[in-house]
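# Descriptive analysis of the structure
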Amino acid sequence: MPTVDIDPDELRELTGHEDKDDEQLKTDLFGLGLEFEGLTDDGEFELEFAPDRLDRLSVEGVARSLRYHYGDARGVHVPSTNDPDWTIVVDDSVPDERPYVTGAVIRDVDLDEESLESLIQLQEKLHATMGRKRAKGAIGIHDLAMVKGSPATEGNPTIEYVGVTPDGDRFVPLDSNEELTPEGVLEDHPTGQTYADLVSEYDRYPAIYDDLGLFSFPPVINGKRTEVDTDSRELFVEMTGTDQWTIDKMLNIVCYALAARGATIESVRVEYDVDDLVRPDLSTKTKTVAHDRIETILGIGLAPEEVIDLAERSGLEAETAELEDGDLAYEVTIPPYRVDVLHPLDVIDDLGRAYGFNDLEPKYPDVGTVGGRHERSRLERSVREQLVGLGFEDLLNFHMISEEENYERMGIQPGSDVYGGGEPATIKGPYSEDYTMLRTWVMPSLLMVLERNTHRAYPQDLAEIGFTAALDDSENTGVGERRRIGAVLASHEVGYEDAKARLQALCRRFDVSLETPPTDHPTYISGRTASVVIDGEDVGVIGEVHPRVLVEHDLEVPVAGFEFDLETLR
Amino acid sequence: MQLTESQAAVLEAARAEEATSVDAIAERADLPPETVTGAAFELEEERLVAISERVEETITLTDEGSEYATATLPEIRLYETALEAGADDEPVGMGQVIGQSGLEGPQVDIALSNYARKGYGTIDSGEITADPDGEPSTDAEAQALESLADGGAEDGTVGLEAAGVDEDTLSQLERRGLAERMESTVRELTLTDDGVTALMEGLETAETVGQLTPEMLTGGEWEDAEFAEYNVSADAERVEGGNVHILRQTAERVTDVLVGMGFQEMDGPHVDADFWINDCLFMPQDHPARTHWDRFALEAPTHIDHLPEELVERVERAHREGVGEDGEGYRSPWDEDFARALALRGHTTSLSARYLAGNEIGEIEPPARFFSVEKVYRNDTLDPTHLLEFFQIEGWVMADGLSVRDLMGTFEEFYAQFGITDIEFKPHYNPYTEPSFELFGTHPTTGELVEIGNSGIFREEMLEPLGVDCDVMAWGLALERLLMLMYGFEDIRDIHGTLCDLDLLRNTEVTY
């Protein structure tokens, strides 16, 4: 789960609750769904957040939520915006893969070290979540004083979002003193290398120009010229991405955070080929929520004024309305920083949180149903009981294994016509070389357990009813998944007969006929190996494990064993 | 009076007029001394004999002492060799005498140091003289060794008085490490008046039986048999026997509880299409969890053959447009090929999706409860609490008009079965449930608040495409988490998988 670092002193200041001590804050934050994970080196709270309320990725947003929680704020608040002065012109050359841009001008900014740090963190967290690591949306924040707009036709300053050839132009990126081309940034700059994959396939790279030239290379890096510091008083915020709604919402969250610090928002005109937009889009939207549905989900009766009160305490606004069939409903206004409200159910969740879910009294649902086990699990349980009765230690091994363990160390080949020799279902880009495929049979796992436990007392009689898988074209998934019964007997004096005796007992109990005609299998000693033929069908193998396989597993006692398909006992 | 054979033999061997030692009785009765001692105490309890105890000092020759008793003491051998060499006339070179005596190693020093002490002669400047009046035959130490060797009992001990060895000589032998003094308890039996009476009235003995045999049972001999007593408090040989795996026991217990609460079990593929694992759960295709490295995508095979066409369309529409009049979809790409990609399931909610879609056992009518306790796969770092594969308890309830109170009530009931009460519900976010809760419980021993599950009411964007038009509440929980809470295990790798420790599995307390 992602985390966000919040300075508790700033939180007290922004909420106006200097009286809250750290412990009270932690409890209140837990109520919002922000779990305290620990303190950072700087003494800030490290909070784990669920990735729905992305408006709480900075101290400003958390403080806003707490103010609603405390009842200090109610309803929907939208910051006022001044009329646009600046224009972003979207040029035809913009790469098709990243056609969208949005932006805002922020004035009267007063950044100290903490608020600048908070702004940078917000930018990073938005990149990581909504921005999908900058692929879907990337934020650039600039010192407006360093941007020189070209005078456009109406006389307003203009900047341009364009596409450039990889080696088309040069600029000095952040954290560098060298003039580089965009291509050079991807090759030589650490940040460029990190994000190179996002644009390296593009024919033209995204770039933002003012009158002086290229000053931002989204989504990779900003230019050094417009770098923001604590002396910056006016900001230019631009965002580019693959989806207009996503970057507009990211912009709203940033604007709300800056407005909470006392800054003024000034709109920006975005000029596309076909139409113009004015951004940020701080319009609200509404959801119609049926009263009946609220009561059903929360399991309590509520008066309309209670619902309206809960909505306002959630930072929403609600007015009573009527559904087509005349039933009571609410028109609920959703503020522009919310990105998680897709459906009326999401509003009901907010109302429940404001009410306090833990204040609801649990009740057992008054519906009667008949319980039961799946036939496969009943069969498995019965077979397990029999195996334990026959003296076997029941095991639970991993389904994933390496090809070496599954085949090589057992003396068999993948795709060979012996029991366990099926073609493997393999893992893509495995994280560990010990787990690269699903096991095709149980026996390798049992031998691995024997190998790990040579210091433990013998006899070691082990059994597992285990999941196995191998490629199978006749299956919809292309993988045949089978449960198999595997058993081994390991002790100083053990042989084929001991294994056969137990296999016979098992077959008797399930009333199936067993034959064991001789066969060959590389895992077992020739002349002491047989097919397990149950009710006339060849379903497994039984034998004394070959010394070569025993020595491979560092075993110093003989081992006899069998394995066959569980289904045959059905 | 009914006595055992050995008791009767001991009673008969004892005397009223004199105390008889256990060893003497053992000899008379032809029984091992320990059997006599055991029987004697039993007879004492019956007041048939009296037992007196005294401490007796005994002497035992050491190995070296026994050797000199049969051969000769080194100093005497030296004296005899010296005489032969004519050292009684004039001094002889020491090297020559020692060489002829055949003394070697430490025996040379022993011989030299005792030679002069006992007055056999003098040793001076490498030359040796012998006193012609030396009397090796009356050497007190040699005589004592001889008499101790002759008079010893089988175990080599000799009573201090019986040995007739004077205290000085004995001390000298002890100093030389040739004899050891020991104390032992000697028990002596005397018949009591009751004992005499019992003997006069005649004894009945019962034969004791070691092993009950088929012959005794069929022949009726068991009726007169007295069974030899065993040491019933001693430990027996260790037997392992079969044993159900501890994690399986826990899974079975969870299954019992859920079946008892009216849940039916689900079953389905471990390798499944992302469609069933994620898309049906209203997880956007660009959700971090779907591209995250913790997912086990398959290299071979790569894609499922068929997906239900209409369902695919409905799911795609829900992703793009949302559900309901003012519902909204995700601003995320949606591609069927991406949905058809195969992976190891990261949760068993894929089974819930399959069942709810009517894909497994046909349309399911409310009310219904379903569950599974099955494996899921996450590409996480292996550590004491995380495995790449673990069991997920998945459960859901389908009914009209379910509320979060029903959800809370169901979980309280479930966890109470495992001794976990006072559950806290932390509002949470899942893409496929709303409202959603993380469940927290108090650890029974540490008192710590730990996460024990994740739950919620399935979103309409998930249910509507699946064709479900009532409420479904669901929850998931790692079985291993429950196991570790119940047993206090510290490293899950000792339990689950091929790194398991057989002793731990064999010795863990049974759960029920």
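Because the structure is predicted, anything quoted here is derived from the model rather than measured.

Let us now look at the overall build of chain A. Check the secondary structure of chain A and you find 15 helices and 27 strands. For chain A, whose C-alpha radius of gyration is 34 Å, the value lies well above the compact-globule estimate of 25 Å for 570 residues. In terms of overall dimensions, chain A has C-alpha extents of about 95 × 65 × 50 Å along its principal axes. Across the 570 residues of chain A, 58% fall into the buried class. Contacts in chain A between residues at least 24 apart in sequence constitute 68% of all its contacts with a sequence separation of at least 6. Approximately 23,500 Å² of chain A is accessible, and the part contributed by carbon and sulfur atoms is 42%. Of the charged side chains in chain A, 52 are positive and 120 negative; the average position of the first set lies 6 Å away from that of the second.

Let's shift gears to the nonpolar core. By size, the foremost hydrophobic cluster in this structure holds 143 residues, and its most contacted members are Phe275(B), Leu356(B), Trp396(B), Phe414(B) and Tyr415(B). In this view, Phe414(B) contacts Val254(B), Val257(B), Leu258(B), Met261(B), Ile393(B), Trp475(B) and Leu477(B); residues no more than four positions away in its chain are not counted. Listed in part, the 48 residues of the second largest apolar core include Phe45(A), Val59(A), Tyr68(A) and Val339(A).

All names here are of chain A. Spatial strand order, S1-S3-S2: three strands in an open sheet with antiparallel pairing. Whereas interior strands pair on both sides, the edge strands pair on one side only; in this sheet they are strand S1 (3-6) and strand S2 (35-39). Shown here is a sheet whose adjacent strand axes are inclined to one another by a mean of 30 degrees, direction ignored. Relative to strand S3 (residues 45-48), S2 is paired through four bridges, and the arrangement is antiparallel. Residue Phe 36 lies in a different strand from S3, and its bridge partner there is Leu 47. Running over the sheet, helix H2 (residues 22-32) touches S2 and S3 and is turned about 15 degrees from S3.

Before going further, it helps to examine the interface of chain A and chain B. Contact residues are listed per partner, giving 92 residues for chain A and 104 residues for chain B. Considering only the side of chain A, the residues that lose the most area to chain B are Leu342(A), Leu396(A) and Phe398(A), jointly responsible for 9% of the buried surface there. Viewed at the interface, chain B and chain A are joined by 16 salt bridges. With a shortest N-O distance of 2.9 Å, Asp501(B) and Arg456(A) are connected by a salt bridge. When residues of the side of chain A that touches chain B are assigned to their parent elements, the largest contribution, six residues, is made by helix H11 (residues 375-389) of chain A. Partitioned by chemical class, the residues of the side of chain A that touches chain B number 39 nonpolar, 26 polar and 27 charged. Where strand S20 (residues 426-427) of chain A meets strand S14 (residues 298-300) of chain B, two bridges bridge the pair, whose relative direction is antiparallel.

Once that is clear, we can look at the side chain of Arg107(A). Residues and elements named next belong to chain A. Take Arg 107: it is sitting in strand S5 (residues 100-107). In terms of polar contacts, Arg 107 uses its side chain to reach the side chain of Glu 234, at 3.0 Å. Excluding its chain neighbours within four sequence positions, the residues that come into contact with Arg 107 are Asp 85, Trp 86, Leu 144, Arg 233, Glu 234, Ala 263, Thr 264 and Glu 266.

What follows covers the pairing of strand S16 (residues 368-377) of chain B. Along any regular strand the residues' side chains alternate between the sheet's two faces. Residues and elements named next belong to chain B. Most of S16 sits inside the fold, with 10 of its 10 residues counted as buried. By the bridge criterion, two bridges tie strand S12 (residues 264-265) to S16 in an arrangement that is parallel. Along S16, the bridge assignment pairs Gln 264 with Phe 370.

What follows is about the domain arrangement of chain A. All names here are of chain A. Here the domain parsing of chain A yields domain 1 (3-70), domain 2 (81-279), domain 3 (285-356) and domain 4 (375-569). Distance from the C-alpha centre of domain 1 to the C-alpha centre of domain 3: 25 Å. On the side of domain 3, 10 residues touch domain 1, which itself brings eight residues to the contact. For the pairing of domain 1 and domain 3, the buried interface totals around 710 Å² over both sides, and the portion due to carbon and sulfur atoms is 48%. At the boundary of domain 1 with domain 3, the tally comes to zero salt bridges. The interface formed by domain 1 and domain 3 contains zero residue pairs in polar contact (both at pLDDT 80 or more). Considering only residue class, the side of domain 1 that touches domain 3 consists of three nonpolar, one polar and four charged.

Residues and elements named next belong to chain A. Here we have seven strands laid out as an open sheet, ordered S18-S22-S23-S27-S26-S25-S24, and mixed in their pairing. In this open sheet, the two strands that pair with only one neighbour each are strand S18 (393-394) and strand S24 (514-515). Across 12 bridges, the pairing between strand S22 (residues 460-471) and strand S23 (residues 479-490) is antiparallel. Bridging across to S23, Leu 471 finds its partner in Val 479.

What follows concerns unusual backbone geometry. Geometrically, the link from Pro218(A) to Pro219(A) is a cis peptide bond, its omega value of -5 degrees lying close to zero. Along the chain, the position of Pro219(A) falls in the loop between strand S10 (213-217) and strand S11 (221-222). Pro366(B) connects to Pro367(B) through a cis peptide bond whose omega is -5 degrees. Mapped onto the secondary structure, Pro367(B) falls in the loop between helix H18 (349-356) and S16. The phi torsion at Asp422(B) lies on the positive side, around 55 degrees, for a residue other than glycine. The topology assignment puts Asp422(B) in the loop between helix H19 (404-416) and strand S18 (424-430). The exposed category is assigned to Asp422(B), whose relative accessible area is 63%.

Each value, and the rule that gives it
Residues numbered from 1 in each chain as written. Chains lettered and ligands numbered in written order. Predicted model: local features only at pLDDT ≥ 70, side-chain atom pairs only at ≥ 80, totals over all residues. Heavy atoms only, no water. Helix = DSSP H or I, 4+ residues; strand = E, 2+ residues; numbered from the N terminus. Rg over C-alpha atoms; globule rule 2.2 N^0.38 Å. Buried < 20%, exposed > 50% of the residue type's maximum accessible area, 1.4 Å probe, protein only. Contact = heavy atoms within 4.5 Å. Areas by Shrake-Rupley, 256 points an atom, 1.4 Å probe, with all protein chains shown as cover. Lys, Arg positive; Asp, Glu negative; His and termini not counted. Charge placed at Lys NZ, Arg CZ, Asp CG, Glu CD. Core = buried A, V, L, I, M, F, W, Y, C linked by side-chain atoms within 4.5 Å. Pairing = 2+ DSSP bridges. Axes fitted to C-alpha atoms, helices over the stretch in contact; angles between N-to-C directions. Buried area = accessible area lost by both parts, 1.4 Å probe. Salt bridge = Lys/Arg side-chain N within 4 Å of Asp/Glu carboxyl O. Nonpolar A, V, L, I, M, F, W, Y, C, P; charged D, E, K, R; others polar. Polar contact = N/O pair within 3.5 Å; in protein donor to acceptor, adjacent residues only side chain to side chain. Domains from an automatic or database assignment.

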